[in-house]
Amino acid sequence: MTPQPVRVSPPAAGKRRSRQQRFWSLRYEEDPAFFGRGASPFARWAAPWLRRHRVQRVLELGAGYGRDLRYLLENGYDARGVDNVRRGVSQGRASLSRFSPTPHAERRLTCGSAEACLAAQRPGSLDAVYSNLFLNMDYTEREHRRLLRAVHRSLRPGGLHLYSVRSVNDPWYGRGVRRGPATFDLAPHGTTMHFFSERYVRSLAVGRFEVLRVEERSEGGRSFPTKVLYVVERKGPSRPPRGSGGRPKEDIPARTGARP
Ligand SMILES: C[S@@+](CC[C@H](N)C(=O)[O-])C[C@H]1O[C@@H](n2cnc3c(N)ncnc32)[C@H](O)[C@@H]1O
C-alpha cells in the first residue's frame, strides 16, 4: 500500500481561531466600547478614498462591534460587516438598531468568519473591501495570501482594498513569544499579532493589486501608543507572481503612494 502523506497541522489554525475568539469575547464583555464609541482613525482617513473612487458596496472584515460599519452606513454606503465573535456582534447589532439612519441596519452586521463571508460573495460584486486592524490577527503568510485572493475575487475590476494593520515599527513588535515571521504572542497583554512592513504589504499585493498608498501613522495617544500602516490597493487582473522569492526582509519607508 502507498504510504499516505503526513498532514501538517491543519488543526492548529482552528485552535488559533478559537483562542482569538475567546480573547475578543472577553475584551468586549469587559468593555463594550473597547475601541471607543466613534469611528476609528483609519475609517476617517479612508473616507476620501471611498468617495473619490465612487464606492457604494463595501464589505468590512473583522468589524468587531460595528463602530466603523455604523460610520459607513451613516455616510450613505451600502455597507455590510462580519465578525466571528458573537458578543461583539450582538453589542454592535443593538447599537446599529438604535442609531443608524438605515432601516434594519442591525442585519448588516453578521456573525461568522471573514473567510466564509468572502467565499459567499458573488465574484466581482463589491466596490471595496475594508478592514481595520483585522489582517494583523493571528494569520500566517499563507493564510494572508488566501484571504487576499478571496478579497480580489469578490471585488469588481478596479475595486479597492483598504486595510490598516500594526506595523513592524510598533512598540509591541518583538515582545512576548515569537510564533512565526513578524508574529508574536503578546499574552497576557494581548493576543497573537502579525506585524506588517511595507515590503510585506507589497509582496502580498503582487500579481493581484496595485498598491496606491502605504502610510504609517501613530495611534492610541500616550496611553497606548501604536504604529499602524494604512494601505489602499486597487484590484488589477490576476497574474502569477514573477519568481516569487518568499517573504521579503522587513523595512519601511515612512509614506509612499498616490493621494486619494
Ligand atoms: C483588533 S479587532 C478590530 C475590530 C474592529 N475592526 C474595530 O476597529 O473596532 C479585530 C477583530 O477581528 C475579528 N476577527 C478575527 N479573526 C476573524 C475571522 N477569521 N473572521 C471574522 N472576524 C475575525 C475579531 O473578533 C475582532 O473583533
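Keep in mind the model is a prediction, meaning the values are calculated, not measured.

### Describing the pairing of strand β5 (residues 155-166)
Taken across its 12 residues, β5 has 9 buried, putting it largely inside the fold. Pairing geometry for strand β4 (residues 126-132) and β5, over 6 bridges, is parallel. If you follow A128 over to β5, its bridge partner there is L160. In this fold, the crossover linking β4 to β5 by way of helix α6 (residues 141-154) has right-handed handedness. The pairing of β5 with strand β10 (residues 226-235) spans 7 bridges and is antiparallel. Paired with V165 across the two strands is L229, which belongs to β10.

### Section: the pairing of strand β6 (residues 177-180)
One ladder, built from 3 bridges, connects β6 with strand β7 (residues 183-185); its direction is antiparallel. Residue G180 lies in a different strand from β7, and its bridge partner there is T183. Adjacent in sequence and paired antiparallel, β6 and β7 are bridged by 2 residues, among which A182 carries a positive phi angle near 55°.

### Considering the confidence of the model for the chain
Parts of the prediction with low pLDDT should not have their coordinates interpreted in detail. On average, the chain scores 89 in pLDDT, and the residues at 70 or more come to 89%. Confidence drops under a pLDDT of 50 for residues 1-11, and excluding neighbours within four residues, the segment shows 0 contacts in the predicted structure.

### A short note on the site of the ligand
Residues in contact with the ligand amount to 21 residues; listed here are only the nearest, G62, G64, N84, V85 and A114. Only α1 (10-30), α3 (67-74), β2 (78-83) and α5 (114-119) provide two or more residues apiece to the shell around the ligand. Considering only residue class, the shell around the ligand consists of 9 nonpolar, 8 polar and 4 charged.

### Some thoughts on the sheet that holds β7
Taken in spatial order, the 3 strands make up an open sheet running β6-β7-β8, and their pairing is antiparallel. Strand pairing shows two members of the sheet lacking a second neighbour, β6 and β8 (192-194), which therefore form its edges. Adjacent strand axes in the sheet meet at a mean angle of 30°, parallel and antiparallel pairs treated alike. Sheet topology note: the β7/β8 ladder contains 3 bridges and is antiparallel. Across the sheet, D185 pairs through a bridge with T192, a residue of β8.

Criteria and thresholds
- Residues numbered from 1 in each chain as written.
- Predicted model: local features only at pLDDT ≥ 70, side-chain atom pairs only at ≥ 80, totals over all residues.
- Buried ≥ 20, exposed ≤ 12 C-beta atoms within 10 Å, placed from the backbone.
- Helix = DSSP H or I, 4+ residues; strand = E, 2+ residues; numbered from the N terminus.
- Pairing = 2+ DSSP bridges.
- Right-handed = clockwise from strand over helix to strand, strands pointing away.
- pLDDT = per-residue confidence, 0-100.
- Contact = placed C-beta atoms within 7 Å.
- Near = placed C-beta within 6 Å.
- Nonpolar A, V, L, I, M, F, W, Y, C, P; charged D, E, K, R; others polar.
- Axes fitted to C-alpha atoms, helices over the stretch in contact; angles between N-to-C directions.

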